[in-house]
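# Descriptive structure summary
Residues per chain, in single letters:
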Amino acid sequence: MKGFMPILLVALLLAVAGNALAHGDGEETEAGATHISAFRATPFAEQAGLGEVTGFAFFDSDGARLFINLVPNGASLPQGTVLEGWVVDAGRFAGSGTNASVADQTYGPPFGDLAMDVLVSAAPYALGTGVLQLDTEGNWSLDFHIPNYNFSPYDVVVVTAESDGNAGDWDPRPGAPFFTAGMREDNAELAVVPMEVFGMVGPADAGMLDPDHGHFEVELGPTPLAANAGLGLASGAAIFHGDHAAIDFFIDLNGSPGPEGCLVLEGWVVDAGLLGGPGVSNAGDSDEAHGPPFGDIEMVGLNAAVEAAPYALSTGVAAPLGDGMLGAGYEIPGYNFDPYDAFVVTLESDCTDRGFDPRPGTPVLMGMLPQPGSM
């Protein structure tokens, strides 16, 4: 698949992620477990006057549900900045606690280029979980769920400061990391009264959603790698709902036999990197006014590599709907899809079992998104 590099990647982390990993010793989260962890402020947050902010992350690994709540304690965000949540898999550079592998690539590499795939597997992968919004209690909150997924590969929850406000031609990769919470440990002080903490939470204000992003549909056709997996006849569509930042996608197998074993088809929206990929790139440094995504100015080379590669945001795994149809619905709070260029469906040939690599597998369906101003 010449020149096709649908994906991914990202950002972040830093030495801070390495610190969070150290608490987990590379062990997997228990099956069906829910965890609650306190956030730690990074030096970037302290420099921005947010060092006294407190809060927690509450998540269900197998249910793929994440709740974030931050209490400002009198602090205010820098002008034009929004806070965005992420769950992060460290990548092979970080040592233990990683899940990067090629087990999901039986039918072809995700980038059409094995050398690029090695680079991407080595770097962190951050799954965006949306923008934190002010709730009626005066706190910053986020409630996120991704269909038919689990968080078992991920090591840390991170809240970043996006100094571009995620507006306009923004870079969907992470900005400066402000708060981190480990996903491999319970926080003892919070865990003893896990339900009471929700008394701090009120309904989020959805006022930042922009209805002008509109609704549109993207037709999905098979890629050259689809035939390798017995999906050469498959087709599909992705429907974008701009007024509430949601995507519904559907796949029709059209009689394709599919691969032997499991059939796990995952949706992604993809922003082309500076080295190419489908569409045009939006990678840039406009979200890094409060610090580099990796937490270390000496890692600018790695940051440049991340911006060069495509970034893919997972929209969940399609579930069977009957009669050879599969589909999923996905909503990400306080978000818009303007920077993205393509919608891609990948075949995850590792079946997304526990410990799977959260980066994309083999691309089997793809469609190009209309660019802003073209609708």
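Our subject in this report is the structure included herewith. (Residues numbered from 1 in each chain as written. Predicted model: local features only at pLDDT ≥ 70, side-chain atom pairs only at ≥ 80, totals over all residues. Heavy atoms only, no water.)

## Some words on unusual backbone geometry
Here the phi dihedral of Asn166 falls at roughly 50°; this positive angle occurs in a residue that is not glycine. With respect to the element layout, Asn166 can be found in the loop between β9 (156-162) and β10 (176-182). Assessed through its relative accessible area of 6%, Asn166 is described here as buried. Despite not being glycine, Cys351 shows a phi value in the positive range, around 65°. Tracing the chain through its elements places Cys351 in the loop between β18 (342-347) and β19 (362-368). (Helix = DSSP H or I, 4+ residues; strand = E, 2+ residues; numbered from the N terminus. Buried < 20%, exposed > 50% of the residue type's maximum accessible area, 1.4 Å probe, protein only.)

## With respect to the sheet that holds β18
As summarised here, the arrangement of the nine strands in space is β15-β14-β18-β19-β11-β12-β13-β17-β16, forming an open sheet in which the pairing is antiparallel. Both outer strands of the open sheet, β15 (311-317) and β16 (319-322), are each paired with one neighbouring strand and no more. Across the sheet, the mean angle from the axis of one strand to that of its neighbour is 25°, orientation sign disregarded. With five bridges joining them, strand β14 (residues 265-271) and β15 adopt antiparallel strand pairing. If you follow Glu266 over to β15, its bridge partner there is Val317. (Pairing = 2+ DSSP bridges. Axes fitted to C-alpha atoms, helices over the stretch in contact; angles between N-to-C directions.)

## Topic: the state of the cysteines
Using the criterion set out here, one finds one disulfide in the structure. Here Cys262 pairs with Cys351 through a disulfide, and the sulfurs are 2.0 Å apart. When the S-S torsion is -90°, as for the bridge of Cys262 with Cys351, the disulfide is left-handed. Of this pair, Cys262 sits in the loop between β13 (246-252) and β14 while Cys351 sits in the loop between β18 and β19; the two residues are 89 residues apart in sequence, bridging distant segments of the chain. Take Cys351: its relative accessible area is 26%, and that puts it in the partly exposed class. (Disulfide = S-S within 2.5 Å.)

## Let's talk about the sheet that holds strand β7 (residues 133-134)
Spatially, five strands are ordered β1-β3-β4-β8-β7 in an open sheet, and the strand pairing comes out antiparallel. The open sheet has two edge strands with one neighbour each: β1 (34-38) and β7. Pairing analysis gives five bridges linking β1 to strand β3 (residues 54-60), with the strands arranged antiparallel. Each residue of the ladder has a partner; that of Ser37, found in β3, is Ala57.

## A few points about the side chain of Gln105
Here Gln105 lies in the loop between β5 (82-89) and α3 (114-122). Residue Gln105 is classed as buried on the basis of its relative accessible area, which comes to 11%. Those residues within four positions of Gln105 in sequence are excluded, and the remaining contacts are Pro110, Asp117, Ser349 and Thr362. (Contact = heavy atoms within 4.5 Å.)

## Quick notes on the pattern of salt bridges
Following the criterion strictly, the structure yields four salt bridges and no others. In this structure, Asp271 engages Arg173 in a salt bridge whose closest nitrogen and oxygen atoms are separated by 2.6 Å. In this pair, Asp271 is assigned in strand β14 and Arg173 in the loop between β9 and β10, connecting sequence segments 98 residues apart. Asp271 sits in the buried class, given a relative accessible area of 0%. (Salt bridge = Lys/Arg side-chain N within 4 Å of Asp/Glu carboxyl O.)

## Side note on the side chain of Asp89
Structurally, the position occupied by Asp89 is in strand β5. By relative accessible area, Asp89 is classed as buried at 0%. A distance of 2.6 Å separates the side chain of Asp89 from the side chain of Arg359, its partner in a polar contact. (Polar contact = N/O pair within 3.5 Å; in protein donor to acceptor, adjacent residues only side chain to side chain.)

## What to know about the environment of Val270
Relative to the helices and strands, Val270 resides in strand β14. With a relative accessible area of 0%, Val270 lands in the buried category.

## Side note on the pairing of β19
Counting buried positions over the seven residues of β19 gives five, a clear majority of the element. Sheet topology places strand β11 (residues 215-222) next to β19; two bridges connect them, and they run antiparallel. Among the inter-strand pairings, Pro222 is bridged to a residue of β19, identified as Leu365. Pairing analysis gives six bridges linking β18 to β19, with the strands arranged antiparallel. By the bridge assignment for β19, Thr346 is matched with Pro363.

## A short note on the packing of aromatic side chains
Applying the stated criterion across every chain, the model contains 16 aromatic pairs. For the ring pair Trp170 and Tyr335, a centre distance of 5.3 Å and an interplane angle of 85° mean the geometry is edge-to-face. Placement of the pair is Trp170 in the loop between β9 and β10 and Tyr335 in the loop between β17 (325-331) and β18, with a sequence separation of 165 residues. Judged by its relative accessible area of 1%, Trp170 is buried. Taking the centre distance of 6.2 Å and the plane angle of 90° together, the rings of Phe240 and Phe343 count as edge-to-face. Of the two residues, Phe240 sits in strand β12 (residues 235-241) while Phe343 sits in strand β18, which places them 103 residues apart along the sequence. Across the pair, exposure class does not vary: Phe240 and Phe343 are buried alike. (Phe/Tyr/Trp six-rings, centres within 6.5 Å; stacked < 30°, edge-to-face > 60°.)

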